[in-house]
Amino acid sequence: MKTEQTVRLPSVDRILADASCQALIAQYGRVQTVEAARALLAGLRAAMLAGTQDGLEMASITAQLAQRLQAQARSHLRAVFNLTGTVLHTNLGRALLPDAAVQAVVEALQWPMNLEFDLETGKRGDRDDLVEELLRELTGAEAATIVNNNAAAVLLMLNTLAQGREVVVSRGELVEIGGAFRIPDVMTRAGAVLREVGSTNRTHLADYANGVNEHTSLLMKVHCSNYAITGFTKSVELDALVPLAAKHGVATAVDLGSGTLVDLAQYGLPHETTVRETIAAGADLVTFSGDKLLGGPQCGIIVGRADLIAKIKRNPLKRALRVGKLTLAALAPVLQLYRAPDLLAERLTTLRLLTRPAAAMREQAEELLPLLQDALGTSYAVTAEAMKSQIGSGALPVDQLPSFGLAIRSAPGARLSNPLGVLEQRLRALPRPVIGRIGHDTLWLDLRCLEEAHAQAFAQQLAQLNGVVDS
Ligand SMILES: *Cc1c(COP(=O)(O)O)cnc(C)c1O
């Protein structure tokens, strides 16, 4: 049994004086290095007293110290490989941005910007002006404003136009978006009174008409982003609602959710109502996300009638919900790409991923298969297979895209318990974690989002799975 007296460890001073520690001090600073050395020694001493740790050479102590400092310095926000098959994965940060946006953000990080400064007049400007012109051009709307996300856009819109008043919404559109965003709750928080009309599966124009009274401020439609009502259904199209709203002198608002700016059908994807179509159908206000199908940074965009947008901008909540310069820096070049729709599928990362040819994914799967099989050993069987990707983030929830990737199953006779769970965890522990999806006793690695430029980095780290999985 060891005692405090018989545990032999060098002092913090001696460790710091070791030549190998100089580089650590230079990189992490003396204060942090001393702290880490103290914590490391305390842990080692406790383990030695408990008899679970033998004495250590200096080299081994300093190596552990380096590891500790490195782990401590690593951000909790990490880049991962998204092989889930969901292109706009909310938990993985949704849209990936094109190079033009990346460059603009880097510049905005390092330089002062004319964020609220009019370079022509030298007077104070409005940050929304930086993208408003482009948004007007791309949507046909009179005016636009930008906030932190679409949830904020809906909140701000309702609070500005319907505080203390009623908003008529179909029962079939009272959606909950992931992460506790529910239309009825947002309505309450905005100070608006929800007037539900119709039934879950069927709502008629007469239901809206009966729901309007002297307290009504808005007729609102909400995109059923993450579900579909099928069967015996009826909903009222916006163009039928607009005359009703006009007759009663109230406004119409549409929360489009994903809010695409182009007809996706031209790229072979399912058609999704565009913002322009919604404005053209007579919506007074439209809200949508910047980081869903639009393919930009996280933000919420409100477009519509100039008088209503002006009112929204004057709401003191706007200040609390506004975006920073990095968002605007990223958004402008993404919107610019929409001016060249013929080049969009190549330049806009989201669209490029959504339209990736199956043949490219298949070829990649066949190339990666032997490497992965090799790395996993005989406990697993890897095959290249067709699978289905999803657009994600509530865009077109029922439409799936034919995709290709790697399917991993436990090999017959392998004795690991919960082999797919173990492997899933090992993949997450790689230097750049790999996120797949388990279903039907298979771990699926959908290659849609593994672009050629990253395939090599993916392949290289597979070797680190060697043995780990077998043991
Ligand atoms: C996604 C979505 C929201 C929330 O948008 P965020 O940008 O995630 O805040 C709101 N409404 C609809 C219909 C949506 O699809």
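Cut-offs applied
- Residues numbered from 1 in each chain as written.
- Predicted model: local features only at pLDDT ≥ 70, side-chain atom pairs only at ≥ 80, totals over all residues.
- Heavy atoms only, no water.
- Core = buried A, V, L, I, M, F, W, Y, C linked by side-chain atoms within 4.5 Å.
- Buried < 20%, exposed > 50% of the residue type's maximum accessible area, 1.4 Å probe, protein only.
- Helix = DSSP H or I, 4+ residues; strand = E, 2+ residues; numbered from the N terminus.
- Domains from an automatic or database assignment.
- Contact = heavy atoms within 4.5 Å.
- Axes fitted to C-alpha atoms, helices over the stretch in contact; angles between N-to-C directions.
- Parallel < 35°, antiparallel > 145°, perpendicular 65-115°, else oblique.
- Left-handed = near helix turned anticlockwise from the far one by under 90°.
- Nonpolar A, V, L, I, M, F, W, Y, C, P; charged D, E, K, R; others polar.
- Near = heavy atom within 4 Å.
- Polar contact = N/O pair within 3.5 Å; in protein donor to acceptor, adjacent residues only side chain to side chain.

Once that is clear, we can look at the nonpolar core. Of all hydrophobic cores here, the largest spans 46 residues; its most connected members are I146, F288, L294, I301, V303, L335 and Y338. The biggest single contributor to this core is helix α14 (residues 325-337), with six residues. Split by domain, this core shows at least three residues from each of two domains, domain 2 (81-89 + 353-465) and domain 3 (113-343). If sequence neighbours within four positions are ignored, I146 has contacts with D128, V131, L135, C299, G300, I301, K318, R322, V323, L328 and L331. L156, F181, V186 and M220 belong to the second-largest nonpolar core, a separate cluster that totals 31 residues.

The subject of this paragraph is the packing of helix α17 (residues 358-376) against helix α19 (residues 452-462). Relative orientation and spacing of two packed helices are given, respectively, by the angle between their axes and the distance between those axes. At their nearest, the axes of α17 and α19 sit 9 Å apart, and the two run at 15 degrees to each other. Here α17 is positioned roughly parallel relative to α19, judged by the angle of their axes. The handedness of the crossing between α17 and α19 is left-handed. Where α17 approaches α19, its residues Q364, L368, L371, L372 and A375 are matched on the opposing element by E452, A455, F458, A459 and L462. Along the lines of polarity and charge, the residues of the contact of α17 with α19 split into eight nonpolar, one polar and one charged.

Near the ligand, the surroundings consist of R94, N149, N150, A151, I177, F181, H223, S225, D255, G257, S289 and K292. Interatomic distance of 2.8 Å between a backbone N/O atom of A151 and an oxygen atom of the ligand. Of all elements in the fold, only α7 (150-162) and β8 (251-257) reach the threshold of two or more residues within the shell around the ligand. Among the residues forming the shell around the ligand, the class breakdown is three nonpolar, six polar and three charged.

Another aspect to go through is the environment of R68. Among the secondary structure elements, R68 is positioned in helix α4 (residues 58-73). Classification of R68 by relative accessible area gives partly exposed; the value is 33%. Once the C-alpha coordinates of R68 and L401 are considered, the two residues, 333 residues apart in sequence, prove to be 44 Å apart. Not counting residues within four places of it along the chain, the set of residues in contact with R68 comprises A36, A39 and L40.

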